[in-house]
Amino acid sequence: MNQLEEKLATALRQAGEQISPDSVPPLRLRTRRRRVILPRLPRRWMSWLTPLAAAAAVAGVVAASLVISATFHGHTRNAGPASAPRWNGSPLGPPSALHGAPPYFVELPAQALIYARTATVRSTVTGRVLVTVRPPRPYQVFTWVSGAADDRTFVLAAQRWWNTASGQAGTLAQNRDNNARTVFFKLTFDPATRTAHLTRLAVPGKIRATDLAGVGISPDGTRLALSFRNSIRIITLATGLTRTWTWPGHGWVGNFKPDGQIFSWSADGKTLAFQQWGGYLDSTVHVRLLDTTAPGNSLTAAKVILTFFNKDDVLTIAPFNTLLTADGSRIVTATGFSPRQDPRLGYQNITEFSVRTGKPVLSQDKFGALAGDQIVLWASPDGRALVVSDPRGAKTQDGPRANIFGVLAGNKFTPIPHGARTQNQVAW
Amino acid sequence: MTSAGEAAERGGERLENMSPHSQGSTAVAPGPAGLPVTTAEGAVTALYQAHALGMIRLAHIMLGDRASAEDVVQEAFYGLYRRWSALADTGNAIAYVRSSVLNGCRSVLRRQSRSRDRADGQQAAPPPEISAEAAAITLEERQEVLRAMRRLPARQREALVLRFYLDLSAEESAATMGIGPGSVRSAIHRGLASLGRMLQEQS
C-alpha cells in the first residue's frame, strides 16, 4: 500500500469511527418509516413502538384492540396467511367534520433537503394558506412549531442555516447548522385581518440547534417546554424563570427522530406528557406524565401511564406523537400489531388509552402494517375528534401511498383539502 | 493490512458468521442471546444488531451526514425485511444490504445535488466560519482526503471505499456495485490517480 492509499484508508477508518457503537439507533420494522430522507440537523432516530403495561395485560390489551377494531369495521380478522386482510382506514366522513378541529393550523412546509424557510397559517376547513411568514433576519429557517389552546398563538423555533454542500464545505456547513443558536418566536394570528405577527421570546441561555429535541407551548401560552433528550426545561416566558428536570438513566426523552409534537399538556397547564425511551437495543417506550407543580427535578418522578414493548403479538406504539387529551383522561397515539406467525396479518391503527387504567378504550382508522405511517397531530379535549395523518393519499413510487391530513371522528376520516403532506411539523 | 475482526466491525463481514439458513418462508439466525430466531423480523433484527454499525459508518463516509446515513441504513434493512421471503439465498443478505446502502447513498447524493442546484439560485451561502475542530491539523488532513474523495465520480468513490475501507476484493466489490471486476480495478486506479492529483493541488 503506498502513501496515498494509506492516507485514504486512515481517513476512511477515522471517519467511520466517528460513529460510536453505542449511538446506533434500534431497527424499526413494524411500521414503515417515512421515505422522505432529509439531511436533518442531527436529530437521532429512535426506533419504534411498543405497548403493554405488564405481561399479564398483553393478551387483554390485544384482545380488546382486536374486538374494538372488528366492531368498527364490521368484520373479523381472517387468520389465513394466504388471504391477508386489506385494511384501508376508516371510511370517509362528511366535510362538516372538519369543523370539529380548530380552524387554523401552522405548518412548516419543508422543502427538499432543508428546513422550512417559511411557516404557513392554513385553514383546517379549506386547506388554504392564509398567511406565510419568514423568520426575521438573520434567521433563515424554522425548525419546530407548537400551538397553544386558543388556536391563535403558536411558537416557532428558528435558526440560521447554511446550505450543505458536498465534502469539506458540507461538513463545515453542517457543523455550523448544528451549532447555530435556536431562537423562539411567538406567532400571533389575527383571522379578521389575516395577518400574523412574530414576537421574539425571551428564552434564556444559548440553545444549540443540535441539542434541541422538541418544543411544547402550554395551553395558555405562558410556558414553553423544551426537550434536550436527557432533560426537559420549562420556561416561564414572562419572567424567564426556568425549571429543569433531568433523566438520569439510559435512553432519552422525546419521540422518534425526534420529530413532531414531543409534548402535550393538560388544559390546566399542570401536567406534561412525554415519551421516554429505553435506549440502544431496548426500544421499550414509556409514556409518562410530569406534574410540573410538584417539587423535585428528576424525570423519574413522572408517572408511567403506558409501557410499550417492542415485540410481536402485542400492541405497539408507532414512533411518533403520543398526545395527552386536554382533559387528562386519554393518551392518543398510532399503534401497530404484528403477529409472530404471519407479519402480513399485522395492522396499525389509532388507539386511545385510558390514563387511569392504561387500557385501550377506542381504536380507529385501521391499515395494514406495511401501508405507511399514521400520526396523531391533534386531539380534542376529550379525544372524540382527532387530526391525523394517514396513508390514503396518492400512490408513491415505492409502493405505499402518500400521507394526507384529515379529521378523524366517530371512525370516519374527513380529508383536509390540499392536505397531502408527509411531514410532521404541524400544529393546531 | 486489516484483521478480520476490524473488517467485520466496518461492515465488510461475511454472513457465514451469522449463518441464517433458508427454511421455507422463514429463516433461522442466532438472536442477540444466542437463541435461534425463526421469523424474518428476528433474522433481520439479528443481522441489524451485528452489522448496523458498520453499515452506518459506510453510509456516513459516503454521505458525510450522520442522519441521512442512518436513514439509508434503516431503509436498506427495511427493504431486506420486506423481501426476506423472496430472497433466493439468505446467506447473501448482508451483501444485499450493502448494495442497498450504496444505492441509497447514490439517491441521497443525487437529491442533494438537485436541491443544491435549486438552492444556489435562491440564496447565497453565508461566509464560512472556521470551527475549532477544523483547525486541528490531523482532522484537516483527513477532511481534505474525504473532501477530495467525495469529488470523485460515484463509481470511483464507491470502489475506493469498498476497497480501502471494507477491504473487499475486486470481485466482491463488483458484486456489490453491480459491475465487472475489471471495471472495479479500473475505477480504483483512476480514482487513486484523481485523488492524488487533487490532494497535490490542494497542498
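Residues numbered from 1 in each chain as written. Chains lettered and ligands numbered in written order. Predicted model: local features only at pLDDT ≥ 70, side-chain atom pairs only at ≥ 80, totals over all residues.

A.B. asks: For this particular structure, what's the right way to read the environment of arginine 82 of chain B?
C.D. replies: Residues and elements named next belong to chain B. Here arginine 82 shows up in helix 3 (residues 66-83). In this structure arginine 82 comes out as partly exposed when scored by C-beta crowding, with 16 C-beta atoms within 10 Å. Measuring from C-alpha to C-alpha, the distance between arginine 82 and alanine 40 comes to 8.7 Å, with 42 residues separating the pair along the chain. (Helix = DSSP H or I, 4+ residues; strand = E, 2+ residues; numbered from the N terminus. Buried ≥ 20, exposed ≤ 12 C-beta atoms within 10 Å, placed from the backbone.)

A.B. asks: Sorry if this is basic, but what is going on with unusual backbone geometry here?
C.D. replies: A negative phi angle characterises most non-glycine residues, just as the trans form characterises most peptide bonds. The linkage connecting arginine 137 of chain A with the following residue, proline 138 of chain A, adopts the cis geometry, with an omega of 10 degrees. Among the secondary structure elements, proline 138 of chain A is positioned in the loop between strand 3 (129-133) and strand 4 (141-147). Its identity as a non-glycine residue notwithstanding, arginine 194 of chain A has a phi of 55 degrees, on the positive side. Tracing the backbone through its elements, the reader meets arginine 194 of chain A in the loop between strand 6 (183-190) and strand 7 (195-200). At aspartate 167 of chain B, a position not held by glycine, the phi torsion is positive, near 60 degrees. Counting through the fold element by element, aspartate 167 of chain B comes out in the loop between helix 7 (154-164) and helix 8 (170-177). When the 17 C-beta atoms within 10 Å are taken as the criterion, aspartate 167 of chain B is described as partly exposed.

A.B. asks: Help me understand the packing of helix 7 of chain B against helix 8 of chain B in this model?
C.D. replies: For any two helices packed against each other, the geometry comes down to the angle between their axes and how far apart the axes lie. All names here are of chain B. Close contact between helix 7 and helix 8 brings their axes to 10 Å; oriented N to C, the two are set at 135 degrees. As judged from the angle between their axes, helix 7 and helix 8 are oblique. Seen from above, helix 7 lies across helix 8 with right-handed handedness. Counting all contacts with helix 7, which are made through Glu158, Ala159, Leu162 and Arg163, the residues of helix 8 involved are Ser173, Thr176 and Met177. (Axes fitted to C-alpha atoms, helices over the stretch in contact; angles between N-to-C directions. Parallel < 35°, antiparallel > 145°, perpendicular 65-115°, else oblique. Left-handed = near helix turned anticlockwise from the far one by under 90°. Contact = placed C-beta atoms within 7 Å.)

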